[in-house]
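Residues per chain, in single letters:
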Amino acid sequence: MRAAIERLNERAAAEGLLDVAYASADSPFGKLLLASTPKGLVRIGLPNQNADELLEELSRRVSPRVLEAPARLDEARRELDLYFDGKLDRFELPLDWRLSEGFRLRVLRAIARIPYGQTRNYTEMATSAGNERAVRAAGTACGRNPIPLVIPCHRVLRSGGGLGGYGGGLEMKRGLLELEGALNRSPSG
Amino acid sequence: MVSELPPFQVLIDEHAGDVMAVLRGAVGRGDADDCFQETFVAALRAYPKLKDAGNLRGWLLTIAHRKAIDHHRARGRRPLPLAQVPEVAVTDPEPGEEIWAKVWTLPPKQRAAVELRYGADLPHAEIAAALGCSTEAARRNLHEGIKRLREELA
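First things first, this report covers the structure right here in the doc. The structure presented is a predicted model; accordingly, all values stated were derived computationally and were not measured.

### Points about the packing of helix H5 (residues 108-119) of chain B against helix H7 (residues 135-153) of chain B
Residues and elements named next belong to chain B.
1) Next: Closest axis-to-axis distance for the H5/H7 pair is 8 Å, and the angle between their directions is 95°. Judged by the inter-axis angle, H5 sits roughly perpendicular to H7. Touching Lys-109, Gln-110, Ala-113, Val-114, Arg-117 and Tyr-118 of H5 are Ala-138, Asn-141, Leu-142, Glu-144, Gly-145, Ile-146, Arg-148 and Leu-149, all from H7.
2) Next: Residues of the contact of H5 with H7, tallied by class, amount to 7 nonpolar, 3 polar and 4 charged.

### Considering the pairing of strand E1 (residues 20-25) of chain A
All names here are of chain A.
1) Next: Here E1 lies mainly inside the structure; 5 of its 6 residues are buried.
2) Next: Pairing of E1 with strand E4 (residues 66-68), which is carried by 3 bridges, proceeds in the parallel orientation. Across the sheet, the residue bridging to Ala-21 is Leu-67, located in E4.
3) Next: As paired strands, E1 and strand E2 (residues 32-37) are joined by 5 bridges and run antiparallel to one another. Its bridge partner being in E2, Ala-23 is matched across the sheet by Leu-34.
4) Next: Adjacent in sequence and paired antiparallel, E1 and E2 are bridged by 6 residues, among which Gly-30 carries a positive phi angle near 125°.

### Examining the nonpolar core
1) Next: In this structure, Ile-111 and Leu-149 of chain A are the most contacted members of the largest nonpolar core, which totals 96 residues.
2) Next: Examining the composition of this core, we find that 10 residues originate from one element, helix H1 (residues 8-27) of chain B, more than from any other.
3) Next: When neighbours within four sequence positions are excluded, Ile-111 of chain A is seen to be in contact with Met-125, Cys-142, Ile-151, Pro-152, Cys-153 and Val-156 of chain A.
4) Next: Listed in part, the 11 residues of the second largest apolar core include Val-42, Leu-54, Val-62 and Val-66 of chain A.

### As for the interface of chain B and chain A
1) Next: Taken together, the 21 residues of chain B in the interface contact 19 residues of chain A.
2) Next: Between chain B and chain A, roughly 1,900 Å² of surface is buried when both sides are summed, and carbon and sulfur atoms account for 64% of that area.
3) Next: Across the contact surface, chain B and chain A share 5 salt bridges.
4) Next: The salt bridge involving Arg-60 of chain A is made with Glu-4 of chain B; its shortest N-O contact spans 3.8 Å.
5) Next: Considering every element that reaches the side of chain B that touches chain A, the biggest residue donor is helix H2 (residues 29-46) of chain B, with 9 residues.
6) Next: Partitioned by chemical class, the residues of the side of chain B that touches chain A number 13 nonpolar, 3 polar and 5 charged.

About the cut-offs
Residues numbered from 1 in each chain as written. Chains lettered and ligands numbered in written order. Predicted model: local features only at pLDDT ≥ 70, side-chain atom pairs only at ≥ 80, totals over all residues. Heavy atoms only, no water. Axes fitted to C-alpha atoms, helices over the stretch in contact; angles between N-to-C directions. Helix = DSSP H or I, 4+ residues; strand = E, 2+ residues; numbered from the N terminus. Parallel < 35°, antiparallel > 145°, perpendicular 65-115°, else oblique. Contact = heavy atoms within 4.5 Å. Nonpolar A, V, L, I, M, F, W, Y, C, P; charged D, E, K, R; others polar. Buried < 20%, exposed > 50% of the residue type's maximum accessible area, 1.4 Å probe, protein only. Pairing = 2+ DSSP bridges. Core = buried A, V, L, I, M, F, W, Y, C linked by side-chain atoms within 4.5 Å. Buried area = accessible area lost by both parts, 1.4 Å probe. Salt bridge = Lys/Arg side-chain N within 4 Å of Asp/Glu carboxyl O.

Treat this as a map of the structure, not an account of what it does.
Right, dumping it as structure tokens:
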């Protein structure tokens, strides 16, 4: 049965019927869910997020042709593994931005340009996106980031220096910043 | 509220085994895999436009049934070779391929009803949904099909 399903995935991809491919991936923080379209990586689910709900959301917002097809996510998995090993400071994966639009999309594109190991605050992100007063909206855009890690919303902190929030939990945000050497005063170095 | 289409993988996880079982019954083990591919590719193609997510299993099994018919047509309606059919096989809960070959000679609706009942273990109401007929008509087709098989195998 497994061979039959793998054959089906290949055939679906060849005939342009694999609109959303997904797979799980291990990380030091727990299991991630990766999803891509033919255009690129479209969604990453963090370990504390519900995978079933996330797949239902993709079915609704992208296409119900959602198949578990791990081979389609090999490249994403490879880059993420390198990143977690501290051996990759810039993702080269093609991304599919379709789950974001308008101001939120502009915020996310600004976040994508924050270099590895550096941090910015929400006000700076709002300004980069063209509206310096929309600090709260910039925070919401971070919170709804469909491709965390690769779009590094963990590098955005509160203006006073506080960590701010994170969809994957504050412990994970702190862990990512430590991995990147961005928390100078980290006690656990 | 119209029920939303679940991610297609859910259909594979829940129903691929049943689809394969029906196809093994309908076309034999050797060709079931090809029909399985055809069934799921066709389902995947049609899926986003499906209006009613109420009976996805019946919908898939209907497609599988049609693919089995296509398969037999492509082979020129050549019935599978029939050796001696042991009489006990009629009441055998796991009918062998000889019986299924005989099922293939039934009229289409009877054949479908028998395949769905004994290949996929569908209740009458789901057979009706898959065939697009009333429950009573499904029951009648099944009954007629079984009766005919008994007569032919007697």
